[in-house]
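Fold and geometry: a report
Listed below are the residues making up each chain.
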Amino acid sequence: MKILVATEKPFAKAAVDGIRKIVEGAGYELALLEKYTDKADLLAAVADADGLIVRSDKVTAEVVAAAQRLKIVVRAGAGYDNVDLAACTERGIVVMNTPGQNSNAVAELVVGMMIFMSRNQFTPGTGAEISGKRLGIHAYGNVGRIVARYGKALGMKVKAFDPFVDAAAMAADGVETAASIEELYATSDFLSLHIPATEQTKKSIGYALLSSMPKGATLVNTARKEVIDEAGLIRALEERTDLKYITDIAAEAQSLLCEKFGKRVFATSKKMGAETAEANINAGLAAANQTVDFLQNGNRRFQVNK
Ligand code: 3PG
């Protein structure tokens, strides 16, 4: 059987070496498709694959149709909005993610981003300290929890909103619970977004929430660009000249944002939240282990299309 690792943004070499060891050790063949720029290359590479490991690579219905032997897709990472779940489910293909494996890397980036924006993007001028500021966490999952812990260690007052997490669990971490999304935004000097991109959340963060944020507030987005209503973001930034936006996923309108708002906005040049050797190794090896464990033993523990 053949396992294809298709990564437009490749894993670190140590992660690829580890994946190879696991896949070949289980008696399977490993195929690597890295840094591809043409979708046709992915369509050709999946044709004889039994398993597929990806990062943010788009596993569309077309890719699924081209992969007639495919049994499992593992998204080495948290968000699986890049995988057409319906197309996979229809073919009986199991889809998994590797929750938690790259969370620390993303959480560390959030801390860096807050400091970067508080210090004028590391250019001359008087900045501010993040200690003592209010940090709001929108969605208290694997990343949100670590961001909360780091925020507290830096002396921030941390509050979170997540309808799927008990207030008691947040209280046990020393984190206050916001009663509503509105309360969270209205009381956060820094707001760190950790919601997935779903039909319910797409474009859900817009003018009303952003313009309600306290004076000088910063929105930090290491989640997905799709959750932002960009027209609402632009309007809020126009009206509130004190608001700031930093993102790890460039907006559709990023060049306009930079042109209009200068240092009040920043986007990394390529999504780098999970770009650490550690995260690549954790997520890559977990993906390889999960693929092998499913093909050999039928273990579906991390299946997301049940
Ligand atoms: C995730 O959902 O795990 C992160 O967004 C990381 O995505 P990446 O593997 O494309 O860097």
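Values in this document were obtained by computation on a predicted structure and should not be read as measured data.

What counts as what
Residues numbered from 1 in each chain as written. Predicted model: local features only at pLDDT ≥ 70, side-chain atom pairs only at ≥ 80, totals over all residues. Heavy atoms only, no water. Helix = DSSP H or I, 4+ residues; strand = E, 2+ residues; numbered from the N terminus. Buried < 20%, exposed > 50% of the residue type's maximum accessible area, 1.4 Å probe, protein only. Expected span 1.5 Å × (residues − 1). Domains from an automatic or database assignment. Contact = heavy atoms within 4.5 Å. Buried area = accessible area lost by both parts, 1.4 Å probe. Core = buried A, V, L, I, M, F, W, Y, C linked by side-chain atoms within 4.5 Å. Right-handed = clockwise from strand over helix to strand, strands pointing away. Pairing = 2+ DSSP bridges. Near = heavy atom within 4 Å. Polar contact = N/O pair within 3.5 Å; in protein donor to acceptor, adjacent residues only side chain to side chain. Areas by Shrake-Rupley, 256 points an atom, 1.4 Å probe, with all protein chains shown as cover. Salt bridge = Lys/Arg side-chain N within 4 Å of Asp/Glu carboxyl O. Axes fitted to C-alpha atoms, helices over the stretch in contact; angles between N-to-C directions.

Another aspect to go through is unusual backbone geometry. The residue K35 is not glycine, and still its phi comes out positive at about 50°. Considering the arrangement of structural elements, one finds K35 in the loop between β2 (29–34) and α2 (39–46). Residue K35 is classed as exposed on the basis of its relative accessible area of 63%. Positive phi, close to 55°, is recorded for Q121, a residue that is not glycine. Assignment of secondary structure puts Q121 in the loop between α5 (103–118) and β6 (134–138).

Let us now look at α5. For α5, spanning 16 residues, the distance from its first C-alpha to its last is 23 Å, which sits close to the expected 22 Å at 1.5 Å a residue. The buried count for α5 comes to twelve of 16 residues, which makes it a mostly enclosed element. Those residues of α5 lying buried are S103, A105, V106, A107, L109, V110, V111, M113, M114, F116, M117 and S118. Where α5 ends, the next residue or the one after it, N120, has phi of about 50°, a positive value.

Looking now at the domain arrangement of the protein chain. When the parts of a complex come together, some accessible area is lost, and that lost area is often used as the size of the interface. The domain architecture assigned to the protein chain consists of domain 1 (2–101 + 276–297) and domain 2 (103–267). Taken together, the contacts link eight residues of domain 1 with five residues of domain 2. Both faces considered, domain 1 and domain 2 share a buried interface measuring about 460 Å² in area, 44% of it formed by carbon and sulfur atoms. Contact with domain 2 buries area across many residues of domain 1, yet D81, G100 and T276 alone supply 67% of it, more than any other trio.

This brings us to the nonpolar core. In this structure, Y185, L193, I205, L210, L219, I228 and L257 are the most contacted members of the largest nonpolar core, which totals 29 residues. Every element with two or more residues in this core is listed here: α8 (181–186), β9 (190–193), α9 (207–211), α10 (230–239) and α11 (254–261). In contact with L257, other than residues within four places in its own chain, are L233, I234, L237, A251, G262 and V265. With 25 residues, the next largest nonpolar core counts F116, I130, V143 and V147 among its residues.

Our focus in this paragraph is the pairing of strand β4 (residues 72–75). Burial along β4 is two-sided: I72 and V74 facing one way and V73 and R75 facing the other are all buried. Each parallel crossover has a hand, and for strand β3 (residues 51–54) linked through helix α3 (residues 61–66) to β4 it is right-handed. Across four bridges, β4 lies against strand β5 (residues 94–97) in parallel orientation. The partner of V73 across the bridge, within β5, is V95. Once you follow β4 into helix α4 (residues 85–90) and on to β5, the crossover reads as right-handed.

Another point: the site of the ligand. Neighbouring the ligand are K9, R55, S56, R75, G77, A78, G79, N102, R224, K271 and A274. In the model, an oxygen atom of the ligand is placed 3.0 Å from a nitrogen or oxygen of the R55 side chain. Coverage of the ligand by the protein amounts to 94% of the 320 Å² it exposes when considered alone.

Side-chain pairs of opposite charge can arise whenever the charged atoms involved come near each other. Counting across every chain of the model gives 17 salt bridges. Close ionic contact of D17 with K13 constitutes a salt bridge, the shortest N to O distance being 2.8 Å. With D17 and K13 both in helix α1 (residues 13–25), this residue pair falls four residues apart, about one helical turn. According to the relative accessible area criterion, D17 is partly exposed, its value standing at 36%.

Let us now look at the environment of V292. Assignment of secondary structure puts V292 in helix α12 (residues 277–297). In sequence terms V292 and G51 are 241 residues apart; their C-alpha atoms lie 8.8 Å from each other. Not counting residues up to four positions away in its chain, the partners in contact with V292 are I22, V23, A26, Y28 and N297.

Moving on, we get to the sheet that holds strand β1 (residues 2–7). Spatially, the five strands line up as an open sheet ordered β2-β1-β3-β4-β5, and their pairing is parallel. Both outer strands of the open sheet, β2 and β5, are each paired with one neighbouring strand and no more. Across the sheet, the mean angle from the axis of one strand to that of its neighbour is 15°, orientation sign disregarded. With six bridges joining them, β1 and β2 adopt parallel strand pairing. In the sheet register, V5 faces β2, and the bridge partner there is L32.

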